[in-house]
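Remarks on the overall topology
This is what each chain is made of:
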Amino acid sequence: MSITIKTEADLVGLRVAGRLAADVLAMIAEHVKPGISTEALDDICNAYIVNELKVIPANVGYHGFTKTTCISPNTVVCHGIPSADDVLKEGDIVNIDVAVIKDGWYGDTSRMYYVGEVSPLARRLVETTYEATLAGIHAVKPGATLGDIGHAIQSVAYREGFSVVREYCGHGIGRKYHEEPQVLHYGAAGKGLKLKTGMVFTIEPMINAGKPGTYVLEDGWTVLTRDQSLSAQWEHMVVVTETGFELLTPWPDGTGDYPAV
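Quantities reported herein were computed from a predicted structural model and do not represent experimental measurements. (Residues numbered from 1 in each chain as written. Predicted model: local features only at pLDDT ≥ 70, side-chain atom pairs only at ≥ 80, totals over all residues. Heavy atoms only, no water.)

Let's shift gears to the overall build of the protein chain. The number of helices and strands found in the protein chain is four helices and 15 strands. Within the protein chain, the proportion of its 261 residues that are buried is 54%. Within the protein chain, counting contacts between residues at least 6 apart in sequence, those at least 24 apart form 70% of the total. If the 21 positive side-chain charges of the protein chain are averaged to one point and the 32 negative ones to another, these points end up 7 Å apart. (Helix = DSSP H or I, 4+ residues; strand = E, 2+ residues; numbered from the N terminus. Buried < 20%, exposed > 50% of the residue type's maximum accessible area, 1.4 Å probe, protein only. Contact = heavy atoms within 4.5 Å. Lys, Arg positive; Asp, Glu negative; His and termini not counted. Charge placed at Lys NZ, Arg CZ, Asp CG, Glu CD.)

What follows is the structure in structure tokens.
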């Protein structure tokens, strides 16, 4: 396993890229409402990234992916392909995942959005997944392990009777979109790779309201829950610091009703 330790000069670039990616998710929030298609949301994000931020949308062309964002509503776990046929409706929950490249550095983050009023179960799932994400982030410090992160996440999910998707995980990031290490969202405390100052990776748990099983559509991208239960995900980039962690994808508009990281 080859893990790149980022220097302070590297982190300057990663902070900028991470904040720009977070800016996109803040911008799109007001557009997430009943009646809009996921393709229209993607088009808005693309225009903002290219014309306003003047950076590169990292997903376009990545392993053949044709869109700027992954948009995953309701039972879609991740990697949903924006489409004119997928129109959001009242009560939906949806994840929007965006990545950008600025001066060769990648920024990668995702957020959940409510489409109008949602069910109590949907709200509890989204809020629990956010709490689990923060639990994983707060486990990050030098000398801690990847197992500590996964254990913190699964403990929150299991407390609410939810499950953790196992096929997809967080990842190292820098001048490459996906690097080592792989960051599992389940695990045993004290097990796995020890964290060192300068490691940069994403924490992005996918939590299902039902069972953890998933399947992929024939498009080769879209991942759904096997039992058609709701799924939620949040994603942040972090760097391991000498005293703990630094968030590289802070929300420019603040966390609102959600607890601060």
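This is not the end of the story, as more comes after the structure.
A few words on the UniProt feature "binding site: substrate" (unreviewed entry) in the protein chain. Mapped onto the present numbering, the UniProt feature "binding site: substrate" (unreviewed entry) falls at His79 and His178. Residues from the annotated list that form part of the lining of the largest pocket: His79 and His178. Considering the arrangement of structural elements, one finds His79 in the loop between β3 (76–78) and β4 (93–102). Look at His79 and you get partly exposed, because its relative accessible area is 29%. Those residues in contact with His79 that sit more than four places away from it in its chain are Phe65, Cys70, Ser72, Tyr168, Trp221, Thr222 and Val223. Setting aside residues no more than four positions away along its own chain, His178 makes contact with Tyr62, His171 and Gly172. (UniProt positions renumbered as here; feature names shortened; annotations may be inferred. 1 Å grid on protein atoms, 1.4 Å probe; cavity = no way out; pocket = protein on both sides within 12 Å on 5 of 7 lines; lining within 4 Å.)

With their axes 7 Å apart at the nearest point, helix α3 (residues 120–138) and helix α4 (residues 146–159) run at an angle of 155° to one another. With respect to α4, the axis of α3 lies roughly antiparallel. Between α3 and α4 lies a crossing of right-handed hand. Every residue of α4 that contacts α3 at Thr128, Glu131, Ala132, Ala135 and Gly136 is listed here: Ile149, Ala152, Ile153, Val156, Ala157 and Arg159. (Axes fitted to C-alpha atoms, helices over the stretch in contact; angles between N-to-C directions. Parallel < 35°, antiparallel > 145°, perpendicular 65-115°, else oblique. Left-handed = near helix turned anticlockwise from the far one by under 90°.)

Our focus in this paragraph is the nonpolar core. Membership of the largest hydrophobic core comes to 35 residues, with the highest contact counts inside it found for Ile93, Val140, Ile149, Leu195, Phe201 and Ile203. Mapped by element, the contributors of at least two residues to this core are α3, α4, β9 (200–203) and β14 (236–240). Per-element accounting of this core gives the leading share, seven residues, to α3. Not counting the four nearest positions on each side in its chain, Phe201 is found in contact with Val140, Ile149, His171, Gly172, Ile173, Val183, Leu195, His236, Met237, Val238 and Val240. Membership of the second largest hydrophobic core comes to 21 residues, among which are Val24, Ile49, Leu53 and Ile96. (Core = buried A, V, L, I, M, F, W, Y, C linked by side-chain atoms within 4.5 Å.)

Let's shift gears to the side chain of Glu235. Secondary-structure assignment places Glu235 in the loop between β13 (231–233) and β14. Although Glu235 is buried, it forms no salt bridge, and the closest oppositely charged side chain is Arg111 at an N-O distance of 12 Å. Glu235 has contacts with Asp97, Asp108, Thr109, Ser110, His171, Thr202, Ile203 and Glu204, leaving out every residue within four places of it along the chain. (Salt bridge = Lys/Arg side-chain N within 4 Å of Asp/Glu carboxyl O.)

Within this structure, the stated rule accounts for nine aromatic pairs. Cluster of aromatic residues (ring-pair linked, three or more members): Tyr130, Trp234, Trp251 and Tyr258. The residue whose ring lies beneath Arg123 is Tyr114, and the NZ or CZ to ring-centre distance is 4.4 Å. (Phe/Tyr/Trp six-rings, centres within 6.5 Å; stacked < 30°, edge-to-face > 60°. Lys NZ or Arg CZ within 6 Å of the ring centre and 35° of its normal.)

This part takes up the environment of Ile3. Summarising the element assignment, Ile3 is placed in the segment before α1 (8–28). Between the C-alpha atom of Ile3 and that of Pro181, which follows or precedes it by 178 residues, the distance is 6.4 Å. Among residues more than four places away in sequence, those in contact with Ile3 are Glu180, Pro181, Leu193 and Met199.

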